[in-house]
Protein chains: 2
Amino acid sequence: MAGAEAVSGKLYGLGVGPGDPELLTLKAVRLIAAADVIAYPAPAGGADSMARRIAALHIPDGKIEIVIATPMRPETFPADDVYDAYADEIAGHLRDGHDVAVLCEGDPFLYGSFMYLFGRLAGEFPTEVVPGVSSLGACAARAGVPLVSRNQVLAIVPAPLSESDLETRIAVADAVAVMKVGRHLAKIRRVLTKLDRLEGAVYIERATLGDELVCPLASVTADTAPYFSMILVRRTEAVDA
Amino acid sequence: MAGAEAVSGKLYGLGVGPGDPELLTLKAVRLIAAADVIAYPAPAGGADSMARRIAALHIPDGKIEIVIATPMRPETFPADDVYDAYADEIAGHLRDGHDVAVLCEGDPFLYGSFMYLFGRLAGEFPTEVVPGVSSLGACAARAGVPLVSRNQVLAIVPAPLSESDLETRIAVADAVAVMKVGRHLAKIRRVLTKLDRLEGAVYIERATLGDELVCPLASVTADTAPYFSMILVRRTEAVDA
């Protein structure tokens, strides 16, 4: 065919860090300012997007914004049809030559929902993933808990696993980060008590945000926690530095 | 005693990220500019400090700088007397009321040497750890390998572990990041071959730096690798996103 072929835009998956807007990277700030379209997840039903809130200071007026309304019921997640539809919408902008920056809480490739868009779009469009400060490093920093050193093994374990699965995984690791605590708090407490590792376990909620909470897990009496919470467990002998 | 008591300075452990200077956080940039004293590790023997190189653009002239010359022989690491001496030197500055920023490659509490100073100084002086982009997220981003999603377990495993230990750890995890590859490359290749997980394993060297290398581990024929290298392993069924 005659004529210049249209050049498609570039897709960016930008880690915006755990919550404190100052933990954005210089690169994320630059790419947010330069992108034509900014997309970010928000809980379906109208609640605020945490990713957008983190980056808000750096989003100039007049950008096209796409709210990726994400179903929060764990049994339906990830909703394939939801991501298909958003991937189509983003693909339209990319075909028009627009760069699209997708904002991701924490790091895009550590339990980030960006991977569902990456899987649908990276084969067709130029794509760059920009790593961000993960909630893992942020929780450890705020709790004052050096996670692993030398030849220690760190296991990152999602709380929704079964009680026996959690027990097996935690028993063999030098250090454990339990993610997505939410309604699984009582179960985790039972497992750690059984393994005699409750003492020294630290509970962290909303790390690096203004209403952050850091305390010994043993002092937490509730049976559920917010989604943005984590439990860090180390062997006592690992405490020396 | 009469008279005002001296107010001590504050100790900062600043993650400066995996290598690309643009992956510094806004917070690290601000604190580097404001600190009176900048300290950073460098290999004993005079080689460059990677942490300083990452942050160089943001270190104003005229700062007091402390090079923490770090023995690189694994059998002597961490050298307690070395860290005792540097902790004393840093404590002197803190007592004089100077803020001291210690630059750390990647994230300070994920296999970072800052924890040895933290263990010696945080009890006595106000201390803040600022998380950084870890090599883990950076390697995954550069390799285009979403590490874990949903309820998958990620194990972070140092390569110096014994062959049987590596085998046990890798066998049970959905995804594995093998750190500190260095002279253990041949051993890791044997373990992954035995577990039938060589295919799909990705080798990453110097992620986010100009001379970065990303390739299938199966295509790497050398038996040793640089210290700043990593191997990412996922189950094949985890590839769908």
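First, a word on scope: everything that follows refers to the structure included in this document. Note that the coordinates shown come from a computational prediction; the quantities given were computed from them, not determined experimentally.

**Re the overall build of chain A**
- Along its length, chain A carries 7 helices and 10 strands.
- C-alpha extents for chain A along the principal axes are approximately 70 × 35 × 35 Å.
- Relative to its 241 residues, chain A shows a buried fraction of 56%.
- Partitioning the contacts of chain A with sequence separation of at least 6, the portion at a separation of at least 24 is 71%.
- Element-wise, carbon and sulfur atoms account for 52% of the exposed surface of chain A, whose accessible area totals about 10,000 Å².
- Charge-centre separation for chain A: the mean point of 22 positive side chains lies 5 Å from the mean point of 31 negative side chains.

**As for the relation of the copies chain B and chain A**
- Mapping chain B onto chain A calls for a screw motion: a turn of 180° about the axis and a shift of 0.0 Å along it, with 0.0 Å RMSD after fitting. The relationship between the two copies is best expressed as a two-fold rotation axis.
- The fraction of interface residues of chain B whose copies in chain A are also interface residues reaches 98%, indicating that both copies meet through the same surface.

**Structural notes on the pattern of salt bridges**
- Inspection of the entire model under this criterion finds 29 salt bridges over all chains.
- Taking the shortest distance from any N to any O, the salt bridge between Glu128 of chain A and Lys10 of chain A comes out at 3.0 Å. Pair noted here: Glu128 of chain A is in strand 5 (residues 127-130) and Lys10 of chain A is in the segment before strand 1 (11-15), with a separation of 118 residues, a long-range link.
- The exposure class assigned to Glu128 of chain A is buried, which follows from its relative accessible area of 14%.
- On the accessibility criterion, Lys10 of chain A (25% relative accessible area) is partly exposed.
- Residue Asp211 of chain B pairs with Arg206 of chain B through a salt bridge whose shortest N-O separation is 2.9 Å.

**Looking at the interface of chain B and chain A**
- Contact with chain B, which involves 56 residues of that partner, is made by 55 residues of chain A.
- When the shortest N-O distance is used, the salt bridge between Lys27 of chain A and Asp20 of chain B registers 4.0 Å.
- Along the contact surface separating chain B from chain A lie 20 residue pairs in polar contact (both at pLDDT 80 or more).
- Taken together, the elements giving at least two residues each to the side of chain B that touches chain A come down to helix 1 (26-34), helix 4 (114-121), strand 5 (127-130), helix 5 (135-143), strand 6 (154-158) and helix 6 (163-172) of chain B.
- When the residues that make up the side of chain B that touches chain A are grouped by side-chain class, the tally is 36 nonpolar, 9 polar and 11 charged.

**A look at the packing of helix 6 (residues 163-172) of chain A against helix 7 (residues 185-194) of chain A**
Residues and elements named next belong to chain A.
- Look at helix 6 against helix 7: their axes get within 10 Å of each other, and the N-to-C directions meet at 45°. On the basis of the axis angle, helix 6 is oblique to helix 7. Like other packed secondary-structure pairs, helix 6 and helix 7 cross with a definite hand, here right-handed. For the pair formed by helix 6 and helix 7, the contact residues are Glu163, Leu166, Glu167 and Ile170 on the first element and Lys187, Ile188, Arg190, Val191, Leu192 and Lys194 on the second.
- Residue classes in the contact of helix 6 with helix 7 are distributed as 5 nonpolar, no polar and 5 charged.

**Examining the side chain of Arg169 of chain B**
- Looking at the secondary structure, you find Arg169 of chain B in helix 6.
- Residue Arg169 of chain B is classed as buried on the basis of its relative accessible area of 16%.
- Once residues within four sequence positions are removed from consideration, Arg169 of chain B is found in contact with Val153, Val172 and Ala173 of chain A together with Val157 and Leu161 of chain B.

**A short note on the packing of aromatic side chains**
Residues and elements named next belong to chain A.
- The final tally for this structure, using the stated rule, is 8 aromatic pairs over all chains.
- Relative to Tyr116, the ring of Tyr83 has its centre 5.1 Å away and its plane inclined at 40°; by these criteria the two rings are tilted. Here Tyr116 lies in helix 4 (residues 114-121) and Tyr83 lies in helix 3 (residues 80-95), a separation of 33 residues in the sequence. No difference in accessibility class separates Tyr83 from Tyr116, as the two residues are buried.
- Measuring from ring centre to ring centre gives 5.4 Å for Tyr227 and Phe228, while their planes differ by 85°; the resulting arrangement is edge-to-face.
- Relative accessible area serves as the criterion here: at 52%, Tyr227 is assigned to the exposed category.
- Aromatic rings pair up to connect Phe109, Phe114 and Phe118 into one cluster.

**Re the state of the cysteines**
- Following the criterion strictly, the structure yields 0 disulfides over all chains and no others.
- Here Cys139 of chain A is not cross-linked by a disulfide; its sulfur's nearest cysteine counterpart is in Cys215 of chain A, at 12 Å.
- On the accessibility criterion, Cys139 of chain A (5% relative accessible area) is buried.
- Cys139 of chain B supplies the cysteine sulfur nearest to Cys104 of chain B, a cysteine that is in no disulfide, at a spacing of 18 Å.
- Residue Cys104 of chain B is classed as buried on the basis of its relative accessible area of 5%.

**Remarks on the side chain of Asp20 of chain A**
- Within the secondary structure layout, Asp20 of chain A lies in the loop between strand 1 and helix 1 (26-34).
- Here the side chain of Asp20 of chain A touches Glu22 of chain A through a polar contact of 2.8 Å, landing on its backbone nitrogen.
- Once residues within four sequence positions are removed from consideration, Asp20 of chain A is found in contact with Ile54, Thr208 and Leu209 of chain A together with Lys27 of chain B.

**Observations concerning the environment of Lys10 of chain B**
All names here are of chain B.
- Sequence separation between Lys10 and Pro126 is 116 residues; the distance between their C-alpha atoms is 5.1 Å.
- Sequence-distant contacts of Lys10, that is, excluding residues within four places in its chain, are made with Leu94, His98, Asp99, Val100, Pro126, Thr127 and Glu128.
- Reaching out from Lys10, the side chain makes a polar contact with the side chain of Glu128 at a distance of 3.0 Å.

The rules behind the values
Residues numbered from 1 in each chain as written. Chains lettered and ligands numbered in written order. Predicted model: local features only at pLDDT ≥ 70, side-chain atom pairs only at ≥ 80, totals over all residues. Heavy atoms only, no water. Helix = DSSP H or I, 4+ residues; strand = E, 2+ residues; numbered from the N terminus. Buried < 20%, exposed > 50% of the residue type's maximum accessible area, 1.4 Å probe, protein only. Contact = heavy atoms within 4.5 Å. Areas by Shrake-Rupley, 256 points an atom, 1.4 Å probe, with all protein chains shown as cover. Lys, Arg positive; Asp, Glu negative; His and termini not counted. Charge placed at Lys NZ, Arg CZ, Asp CG, Glu CD. Least-squares fit on C-alpha atoms with pLDDT ≥ 70 in both. Salt bridge = Lys/Arg side-chain N within 4 Å of Asp/Glu carboxyl O. Polar contact = N/O pair within 3.5 Å; in protein donor to acceptor, adjacent residues only side chain to side chain. Nonpolar A, V, L, I, M, F, W, Y, C, P; charged D, E, K, R; others polar. Axes fitted to C-alpha atoms, helices over the stretch in contact; angles between N-to-C directions. Parallel < 35°, antiparallel > 145°, perpendicular 65-115°, else oblique. Left-handed = near helix turned anticlockwise from the far one by under 90°. Phe/Tyr/Trp six-rings, centres within 6.5 Å; stacked < 30°, edge-to-face > 60°. Disulfide = S-S within 2.5 Å.

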